[in-house]
Amino acid sequence: MDARTNLFGLSREQLVAALTAQGEPAYRGAQVYRWLYRKRVRAIAEMSDLPKPVRDGIHDAYVLRWPDVAERSQSFDGTVKYLFRLQDGATIESVYIPETSRRTICISTQAGCPLKCAFCLTGIAGYQRNLKVDEILGQVATVMAEAPARDQGWNVVVMGMGEPLLNYDATVAALRVLMDPDGFGVVPKRLTLSTVGILPALEKLMKEPVRPNLAISLHAPNATLRRELMPIEAKYPLPDVIEAAQRYPIPRGGAVTYEYVLLRGVNDQPAHARDLVRLLKGRRGKVNLIPLNPAREIPFGAPTPTAVDAFCRILADARIMVSVRRPRGQDILAACGQLHLQDRAPAAAPLPS
Ligand code: SAH
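Residues numbered from 1 in each chain as written. Predicted model: local features only at pLDDT ≥ 70, side-chain atom pairs only at ≥ 80, totals over all residues. Heavy atoms only, no water.

**What to know about the pattern of salt bridges**
Right, so step 1: Counted under the stated rule, the structure contains 17 salt bridges.
Right, so step 2: Two residues, Glu-99 and Arg-102, come together in a salt bridge whose shortest N-O distance is 3.4 Å.
Right, so step 3: Judged by relative accessible area, Glu-99 falls into the partly exposed class, the value being 21%.
Right, so step 4: Judged by its relative accessible area of 37%, Arg-102 falls in the partly exposed class. (Salt bridge = Lys/Arg side-chain N within 4 Å of Asp/Glu carboxyl O. Buried < 20%, exposed > 50% of the residue type's maximum accessible area, 1.4 Å probe, protein only.)

**A look at the site of the ligand**
Right, so step 1: Around the ligand, 18 residues are found, and the nearest of them are Gly-162, Ser-194, Ser-217, His-219 and Asn-293.
Right, so step 2: Separating an oxygen atom of the ligand from a side-chain N or O atom of Ser-194 is a distance of 2.6 Å.
Right, so step 3: Within the backbone of Asn-293, one N or O atom sits 2.9 Å away from a nitrogen atom of the ligand.
Right, so step 4: Burial of the ligand by the protein chains amounts to 94% of its free accessible area of 540 Å².
Right, so step 5: Tallied by class, the residues present in the shell around the ligand amount to 9 nonpolar, 7 polar and 2 charged. (Near = heavy atom within 4 Å. Polar contact = N/O pair within 3.5 Å; in protein donor to acceptor, adjacent residues only side chain to side chain. Areas by Shrake-Rupley, 256 points an atom, 1.4 Å probe, with all protein chains shown as cover. Nonpolar A, V, L, I, M, F, W, Y, C, P; charged D, E, K, R; others polar.)

**Structural notes on the pairing of strand 11 (residues 213-217)**
Residues in a regular strand point their side chains to alternate faces of the sheet.
Right, so step 1: In terms of burial, strand 11 is a largely internal element, 5 of the 5 residues being buried.
Right, so step 2: Alternating positions in strand 11 separate into two faces, Asn-213, Ala-215 and Ser-217 on one and Leu-214 and Ile-216 on the other, with burial throughout.
Right, so step 3: For strand 10 (residues 191-195) and strand 11, the ladder comprises 4 bridges, and the chain directions are parallel. In the strand pairing of strand 11, Thr-195 is matched with Ile-216.
Right, so step 4: As for the winding sense of the linkage, the β-α-β connection from strand 10 through helix 7 (residues 199-206) to strand 11 is right-handed.
Right, so step 5: When strand 11 meets strand 12 (residues 257-262), the two strands line up parallel, connected through 3 bridges. By the bridge assignment for strand 12, Ser-217 is matched with Glu-259. (Helix = DSSP H or I, 4+ residues; strand = E, 2+ residues; numbered from the N terminus. Pairing = 2+ DSSP bridges. Right-handed = clockwise from strand over helix to strand, strands pointing away.)

**A few points about unusual backbone geometry**
Leaving glycine aside, a negative phi is the common case for residues, and trans is the common case for peptide bonds.
Right, so step 1: If you check the backbone angles, Arg-40 has positive phi at about 55° while not being a glycine.
Right, so step 2: On the basis of relative accessible area, Arg-40 is assigned to the partly exposed category, the value being 22%.
Right, so step 3: The phi dihedral of Arg-319 falls on the positive side, at around 65°, and the residue is not glycine.
Right, so step 4: Among the secondary structure elements, Arg-319 is positioned in the loop between helix 11 (305-317) and strand 14 (322-324).

Listed below in C-alpha cells is the structure:
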C-alpha cells in the first residue's frame, strides 16, 4: 500500500502547513485547497497554476485519492446507489437522488453503525469503524463528478450508514469543506445532518461557526416505544433530545426535521399520531414520515397506505408541518444499509459505464 498521505481530505490549515513545510508561501495552500474541493481535480498534475517543482514536491509526499467505486446500480427512477470499497476493505454506501427541482446526495459517516435501531439494516449488520474525512468527502466528490451536468444546486444529506455525531471530528471537518464557498459550496440549509441525538455532540455542533441543517430521528412519540426501537433512548432520552433540537441554531431558510419511520402496527396507529401531536405541538420544525423500506432481515412490515394517510392527516389537522417520503430506488435496495448487505450476497446488476 502507498504510504504517502492523502492530500484529499486535508483542511485549509493543514494544506497551508504542508506547503509551508515545503518552503512555499501560505497562499499555495489555499490554491491547492481550491483545486481539491472547488474544482475537484483527480490528479496533482492537473493543478495547472502551480509551478512544476511545487507539484513535484507535493507528489513526493502525498497522493490524491478518492474512494474506489466497487459497484453502482441505477434505479428506474434515476436514483443511483454507490458502493465504495475503502483502503482497508470496508464498504460503505452513498445514494444519488435526482428530482425535478433539486438533486440530493446521501452520504455515510461510519462503516456500519453501533446504534442497533431495530428497523435499520446498517445496525443489524453491525459496526466496523468511523470514516475519515477523505472517505466522507470522497463520496460527495465522486457522485458530483458522475452526475449529469444540470443547472441545479445540490442537497447533501448525512443520512447514510452510521451516526454522524459518533464520528464528530471527521464529520464536522468534512461539513466545513462542503459548506465552504471555496470548497464544495453547498449552502448550509441544503446540507442536513441526521442524528438520533447524541447530546454532548449536538451541544458541540451548536457552537460551530457554520452549522448544517438538522434532522432528528424520532420514530416514536414516547420514551417506552422509542426505547424498544432505538436502544440509544436509554442514554439520551426523548424529551432532552427534543429540547436540544429546539435550541439548535438552524441555518437561514432551514428547519428542524423530525424523522419518523412508520412500522406497520408498531408506531403507525392514530393513537401514536395523536401522541406525536402532543409532543411537538407549538414547537418549531416539521415531521417527515418515512414508510419503512422493508427487507428480509428487518423484523417489521411497511405501513399500509391507509395508515400513512391517516397518520399524516392527524398531524396536518393539528397544524404540524408534515411530509411523507416517497420511496426512491426501491428496485435497487437504496435504503439504508441495503446495498452493503447485498454485497455479501449475489451482486446487483452494475450500471453500464
Ligand atoms: N444515524 C443517523 C443517520 C443515519 S439513518 C440517524 O439515525 O438519524 C438516516 C435515516 O434513515 C434515519 O431516520 C433512519 O431511521 C432511517 N432508516 C433506517 N432504516 C430504514 C428503513 N429500513 N426504512 C426507512 N428508513 C430507514
